[in-house]
There are 2 protein chains.
Amino acid sequence: MAETPRPEPRYGNRPTMKDVAARAGVGLKTVSRVVNGEPGVTPETEGRVREAIDALGFRRNDSARVLRKGRTATVGLVLEDLADPFYGQLSRAVEEVARAHGTLLINGSSAADPGREQELALTLCARRVDGLIVIPAGDDHRYLEPEMRAGVATVFADRPAGLIDADAVLSDGFGGARDGVAHLIAHGHRRIGFVGDRPRIHTAAERLRGYRAAMEDAGLPVDERWVASGSTEPERVTAALAAMLSGPEPVTALFAGNNRVTVTAVRVLAGRAGGGPPVALVGFDDVELGDVLGVTVIAQDPAALGRTAAELLFRRLDGAAEAPRRVVIGTRLVARGSGEVPPSSG
Amino acid sequence: MAETPRPEPRYGNRPTMKDVAARAGVGLKTVSRVVNGEPGVTPETEGRVREAIDALGFRRNDSARVLRKGRTATVGLVLEDLADPFYGQLSRAVEEVARAHGTLLINGSSAADPGREQELALTLCARRVDGLIVIPAGDDHRYLEPEMRAGVATVFADRPAGLIDADAVLSDGFGGARDGVAHLIAHGHRRIGFVGDRPRIHTAAERLRGYRAAMEDAGLPVDERWVASGSTEPERVTAALAAMLSGPEPVTALFAGNNRVTVTAVRVLAGRAGGGPPVALVGFDDVELGDVLGVTVIAQDPAALGRTAAELLFRRLDGAAEAPRRVVIGTRLVARGSGEVPPSSG
DNA sequence: TAGAGCCTCGAAAACGTTGTCATACCAGGG
DNA sequence: CCCTGGTATGACAACGTTTTCGAGGCTCTA
């Protein structure tokens with residue numbers, strides 16, 4: 001008995017163009033022409049082909065197409081964490097631009113781990129994405145140089161690339177933080193705390209720099225006990241805030257270096273409601289319901305960041321060959337109350 | 001003169017296994033064996049191959065691999081809007097499970113448009129994703145039947161499939177809404193408003209059903225002017241709330257059918273601060289900073305939803321062939337104040 | 001009527017990988 | 001010395017498309 005050796009159904013045994021061609025009684029290439037809307041097919045022939053396509057439930061295998069054409073119509077986006085609304089909005093904006101270019105988007109979360117960032121980026125390159133947008137977790141991107149030379153268009157977003165020269169789209173962290181702190185100073189504060197992320201992270205360093213610049217511009221000294229930069233886990237931030245807010249000369253105002261810190265700060269300040277004088281707060285990056293809570297923030301525009309990065313990427317893909325460019329997206333101070341509280345004591 | 005006809009650099013002219021083989025002086029298949037860690041290669045030969053790989057900067061072309069192997073190690077996720085934190089968390093959970101299975105995830109946002117949902121899902125199928133998780137925007141998914149028959153594992157999440165029999169992972173909208181409304185009733189309310197999404201949306205309908213069940217369980221009548229189900233755009237919701245909260249017999253409590261409505265309701269209620277008696281509020285689905293705002297909610301667990309859907313998907317991919325299953329994920333009432341306000345007048 | 005030119009169409013190569021199978025080689029046993 | 005059996009290796013087909021190129025049929029003009 002000719003026992004069939006279980007022919008391992010690829011793709012679940014889908015019909016191919018060859019099958020369609022056989023059924024329609026035409027050549028393979030004719031099917032290809034119909035599927036791709038290429039000219040040079042009689043309406044009558046086209047009809048037969050379409051009929052066969054419908055009958056068999058044929059759908060073109062884009063994997064094979066990609067292999068032949070050399071372009072995948074796919075771009076990759078490596079970010080920190082899709083569950084963070086900031087990145088969610090950014091990703092969505094990239095997706096929209098990609099869609100307008102007939103391109104799919106693969107997202108990957110690095111979880112702020114440089115190793116995972118690299119693994120992800122290289123995996124995407126192995127898939128031969130046409131382009132890559134990277135929100136750096138690490139600070140050495142030389143591993144991408146061979147890929148970029150090999151033709152993978154690459155744009156960095158939110159933070160610049162490390163140790164290589166590449167396109168980058170950034171928020172104005174320095175200017176934003178400076179404006180925010182100046183706002184607090186204008187409302188009479190002189191002892192202002194800063195809580196931000198590890199200064200190895202470019203954005204965090206820029207914001208800290210903005211804080212110091214604003215203080216210096218106003219001729220105010222900075223007591224290093226007012227500055228906390230490290231992990232932004234709630235516990236650490238809470239501890240840091242507790243330290244700044246106690247002692248004989250507590251800070252009267254806070255500048256929060258990112259939205260996670262802002263959220264924690266809001267919680268801490270709300271929690272001590274009865275237990276202390278009001279403390280002013282300005283946060284970098286907006287938070288949901290910030291308007292209801294009355295939190296004054298330096299608003300970034302994650303969608304603009306994503307859109308701009310994607311547009312730059314597609315310009316590169318369309319052949320633009322200028323030198324790497326750095327684009328800075330402005331921030332906006334949104335006053336909602338928490339930043340306009342006057343200092344509670346001299 | 002033999003003018004070179006501009007040889008159109010594919011993938012930017014990357015080296016292939018053939019190039020590596022040539023340089024190492026071995027056969028093509030041997031390179032393949034080394035790259036894939038297959039046995040049967042002398043350490044000495046392997047050394048030569050690795051050297052060539054490094055020298056040329058070779059990286060395997062996964063597109064070609066996919067074509068040959070028939071599996072893409074990619075799954076697709078069609079959701080409504082990645083910028084919505086609910087879907088962001090869900091997507092992230094799916095990504096983690098996929099990662100554990102060595103699989104990449106392609107997200108696509110349907111923007112709640114059934115046409116776009118279909119377009120996206122079919123595009124993903126053309127890419128030959130191994131599996132698909134769909135958060136329905138439309139209510140007819142027969143278009144996916146050929147794909148599923150052809151072997152694309154498919155799981156629906158958050159809402160069930162329309163007109164086909166398929167796996168689904170859902171939140172307990174009925175039970176959650178019933179509990180939330182019962183909570184308001186337990187605090188003395190008798191005139192309770194419901195604001196939710198269009199009842200064509202399964203989740204919205206379930207929640208409305210839960211509202212009615214709770215009212216009926218308590219023997220309370222429902223005045224249809226208390227029920228608003230339609231678009232959840234802020235303007236519409238604001239208008240609906242204004243109507244319910246005015247008149248001789250305004251509602252004393254509100255049940256918000258989803259997080260967008262909750263946010264709008266919080267804004268509206270905060271906005272009328274001085275202008276009316278306090279109104280109790282329970283929202284379906286948590287919102288960021290809900291704890292600080294003191295909003296009582298029926299919390300869903302988007303991460304559990306995503307994780308469960310992904311796990312079910314991979315079980316299918318591993319060959320599980322049971323009948324389609326429906327999994328329900330429980331909800332949790334989180335009391336934070338807004339739902340415990342007593343009625344302001346008889 | 002012949003030649004030119006256009007249009008429709010299909011055969012065959014190519015894309016870069018993996019699977020199948022044959023070959024060459026070596027050691028060991030008879 | 002031959003045969004057996006295992007190991008290392010490579011030649012070649014296959015995956016499902018797109019690309020290239022040429023064949024045939026038609027119309028038009030001279």
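Being a predicted model, the structure only gives us computed values, none of them experimental.

What counts, and at which threshold
- Residues numbered from 1 in each chain as written.
- Chains lettered and ligands numbered in written order.
- Predicted model: local features only at pLDDT ≥ 70, side-chain atom pairs only at ≥ 80, totals over all residues.
- Heavy atoms only, no water.
- Helix = DSSP H or I, 4+ residues; strand = E, 2+ residues; numbered from the N terminus.
- Rg over C-alpha atoms; globule rule 2.2 N^0.38 Å.
- Buried < 20%, exposed > 50% of the residue type's maximum accessible area, 1.4 Å probe, protein only.
- Contact = heavy atoms within 4.5 Å.
- Areas by Shrake-Rupley, 256 points an atom, 1.4 Å probe, with all protein chains shown as cover.
- Lys, Arg positive; Asp, Glu negative; His and termini not counted.
- Charge placed at Lys NZ, Arg CZ, Asp CG, Glu CD.
- Domains from an automatic or database assignment.
- Salt bridge = Lys/Arg side-chain N within 4 Å of Asp/Glu carboxyl O.
- Polar contact = N/O pair within 3.5 Å; in protein donor to acceptor, adjacent residues only side chain to side chain.
- Nonpolar A, V, L, I, M, F, W, Y, C, P; charged D, E, K, R; others polar.
- Pairing = 2+ DSSP bridges.
- Axes fitted to C-alpha atoms, helices over the stretch in contact; angles between N-to-C directions.
- Expected span 1.5 Å × (residues − 1).
- Near = heavy atom within 4 Å.
- Patch = residues over 30% accessible without salt bridge, like charges linked within 9 Å, V, L, I, M, F, W, Y side chains within 5 Å.
- 1 Å grid on protein atoms, 1.4 Å probe; cavity = no way out; pocket = protein on both sides within 12 Å on 5 of 7 lines; lining within 4 Å.
- Points joined across faces, edges and corners; volume = space filled by probe spheres on them.
- Least-squares fit on C-alpha atoms with pLDDT ≥ 70 in both.
- Buried area = accessible area lost by both parts, 1.4 Å probe.

Visitor: How would you sum up the overall build of chain A? Please name residues and give values.
Guide: Scanning chain A for helices and strands turns up 13 helices and 12 strands. Here the C-alpha radius of gyration of chain A, 27 Å, is well above what a compact globule of 346 residues would show, namely 20 Å. Taking the principal axes of its C-alpha atoms as reference, chain A extends roughly 90 × 45 × 40 Å. Looking at chain A as a whole, 53% of its 346 residues qualify as buried. Counted over contacts in chain A with a minimum sequence separation of 6, partners at least 24 positions apart contribute 67%. When the accessible area of chain A is evaluated, it comes to approximately 15,200 Å², of which 51% is carbon and sulfur surface. Side-chain charges in chain A split into 43 positive and 45 negative, and the spacing between the mean points of these groups amounts to 5 Å.

Visitor: If you had to explain the domain arrangement of chain A to someone new, which residues and values would you point to?
Guide: All names here are of chain A. On domain assignment, one finds that chain A holds domain 1 (10-60), domain 2 (73-171 + 302-330) and domain 3 (173-300). Placing the centre of domain 2 and that of domain 3 at their C-alpha centroids yields a distance of 29 Å. Across the contact, 10 residues belong to domain 2 and 9 residues belong to domain 3. Our count for the domain 2 to domain 3 interface comes out at 2 salt bridges. The partner of Arg 200 in a salt bridge is Asp 139, and the shortest N-O contact between them spans 2.9 Å. Scanning the region where domain 2 abuts domain 3 turns up 4 residue pairs in polar contact (both at pLDDT 80 or more). Residue composition of the side of domain 2 that touches domain 3, grouped by class: 4 nonpolar, 1 polar and 5 charged.

Visitor: Tell me what's going on with the sheet that holds strand 7 (residues 227-229) of chain A, and back it up with residues and numbers.
Guide: Residues and elements named next belong to chain A. The strand order across the open sheet built from 6 strands is 7-6-8-9-10-12, with neighbouring strands paired in mixed fashion. The outermost strands of the open sheet, each flanked by one partner alone, are strand 7 and strand 12 (332-334). Averaged over all adjacent pairs, the angle separating strand axes in this sheet is 15 degrees, with direction ignored. Two elements, strand 10 (residues 296-299) and strand 12, share 3 bridges in a ladder whose sense is antiparallel.

Visitor: Explain helix 5 (residues 85-100) of chain A residue by residue, including any values.
Guide: Residues and elements named next belong to chain A. Its 16 residues give helix 5 an end-to-end C-alpha distance of 23 Å, which sits within 8% of 22 Å, the value for a rise of 1.5 Å per residue. Buried within helix 5 are the following residues: Phe 86, Tyr 87, Gly 88, Leu 90, Ser 91, Arg 92, Ala 93, Val 94, Glu 95, Val 97 and Ala 98. Between the side-chain oxygen at the start of helix 5 and the backbone nitrogen of Phe 86 there is a gap of 2.9 Å, and the oxygen is on Asp 84. Trailing helix 5 by a residue or two, Gly 102 shows a phi angle of about 65 degrees, which is positive.

Visitor: Describe in detail the protein's contact with DNA strand C, supporting the description with residues and values.
Guide: Around DNA strand C lies a shell of 26 residues, among which Gly27(A), Thr30(A), Thr45(A), Arg68(A) and Arg68(B) are the nearest. Sugar and phosphate atoms constitute 60% of the interface atoms of DNA strand C, taking the interface as everything within 4 Å of the protein. At a separation of 2.9 Å, a base nitrogen of DNA strand C approaches a polar side-chain atom of Lys29(B). Contacts to DNA strand C include Arg65(B), whose side-chain N or O atom sits 2.9 Å from a phosphate oxygen. Tallying contributions element by element places helix 4 (residues 62-69) of chain B first for the surface near DNA strand C, with 5 residues. Partitioning the surface near DNA strand C into residue classes produces 8 nonpolar, 9 polar and 9 charged.

Visitor: Any chance you could break down the sheet that holds strand 9 (residues 280-284) of chain B for me, citing the residues and the numbers?
Guide: All names here are of chain B. Across the sheet, which stays open at both edges, the 6 strands sit in the order 7-6-8-9-10-12 with mixed pairing between neighbours. In this open sheet, the two edge strands, each paired with only one partner strand, are strand 7 (227-229) and strand 12 (332-334). Strand-to-strand, the axes of this sheet are offset by a mean angle of 15 degrees, without reference to chain direction. Of the strand pairs in this sheet, strand 9 and strand 10 (residues 296-299) are connected by 3 bridges, and their pairing is parallel. Bridged to Val 282 within strand 10 is Thr 296. Helix 11 (residues 259-271) contacts strand 6 (192-196), strand 8 (253-256) and strand 9 of the sheet and is inclined by roughly 160 degrees relative to strand 9.

Visitor: Which residues make up a positive patch on the surface, and what are the values?
Guide: All names here are of chain B. On the surface, Lys 29, Arg 65, Arg 68 and Lys 69 cluster together to form a positively charged patch. Tallying contributions element by element places helix 4 first for the positive patch, with 3 residues. Mapped onto the fold, Arg 68 is located in helix 4.

Visitor: Describe empty space enclosed by the protein, and please don't skip the residues or the numbers.
Guide: Scanning the entire structure with this criterion turns up 3 cavities of 30 Å³ or more. In this structure, the largest cavity occupies an estimated 260 Å³ of space. As for the largest cavity, its lining consists of 17 residues, and the residues nearest its centre are Ser63(A), Thr74(A), Arg127(A), Ser63(B) and Arg127(B). At the level of elements, helix 4 (62-69) of chain A together with helix 4 of chain B are the ones that each hand at least two residues to the lining of the largest cavity.

Visitor: Report on the protein's contact with DNA strand D, specifying residues and quantitative values.
Guide: In the vicinity of DNA strand D there are 27 residues, among which Lys29(A), Gly27(B), Thr30(B), Thr45(B) and Arg68(B) approach most closely. Among atoms of DNA strand D positioned within 4 Å of the protein, sugar and phosphate together represent 59%. Contact between DNA strand D and Arg65(A): a phosphate oxygen at 2.9 Å from a side-chain N or O atom of the residue. Separating a phosphate oxygen of DNA strand D from a backbone N or O atom of Thr42(B) is a distance of 2.9 Å.

Visitor: If you had to explain the relation of the copies chain B and chain A to someone new, which residues and values would you point to?
Guide: Superposition of chain B onto chain A requires a rotation of 180 degrees combined with a translation of 0.1 Å along the rotation axis, giving an RMSD of 0.2 Å. The superposition of one copy onto the other is thereby described by a two-fold rotation axis. Scanning chain B for the C-alpha nearest the rotation axis identifies Ile106(B), at a separation of 2.3 Å. When you check the interface residues of chain B against chain A, 100% turn up at the interface there too, and the contact is symmetric in its surfaces.

Visitor: How would you sum up the interface of chain B and chain A? Please name residues and give values.
Guide: With 59 residues of chain B in contact, the opposing surface of chain A contributes 59 residues. The junction of chain B with chain A conceals about 5,700 Å² of combined surface from both sides, 51% of it contributed by carbon and sulfur atoms. Counting across the chain B and chain A interface gives 14 salt bridges. The salt bridge involving Arg59(B) is made with Glu147(A); its shortest N-O contact spans 2.4 Å. Here chain B is connected to chain A by 24 residue pairs in polar contact (both at pLDDT 80 or more). The set of elements that each furnish at least two residues to the side of chain B that touches chain A consists of helix 4, helix 5 (85-100), strand 2 (104-109), helix 6 (114-126), helix 11 and helix 12 (290-293) of chain B. Ranked by the residues each element gives to the side of chain B that touches chain A, the list is headed by helix 5 of chain B, at 8 residues. Here the residues of the side of chain B that touches chain A are counted per class, giving 25 nonpolar, 13 polar and 21 charged.

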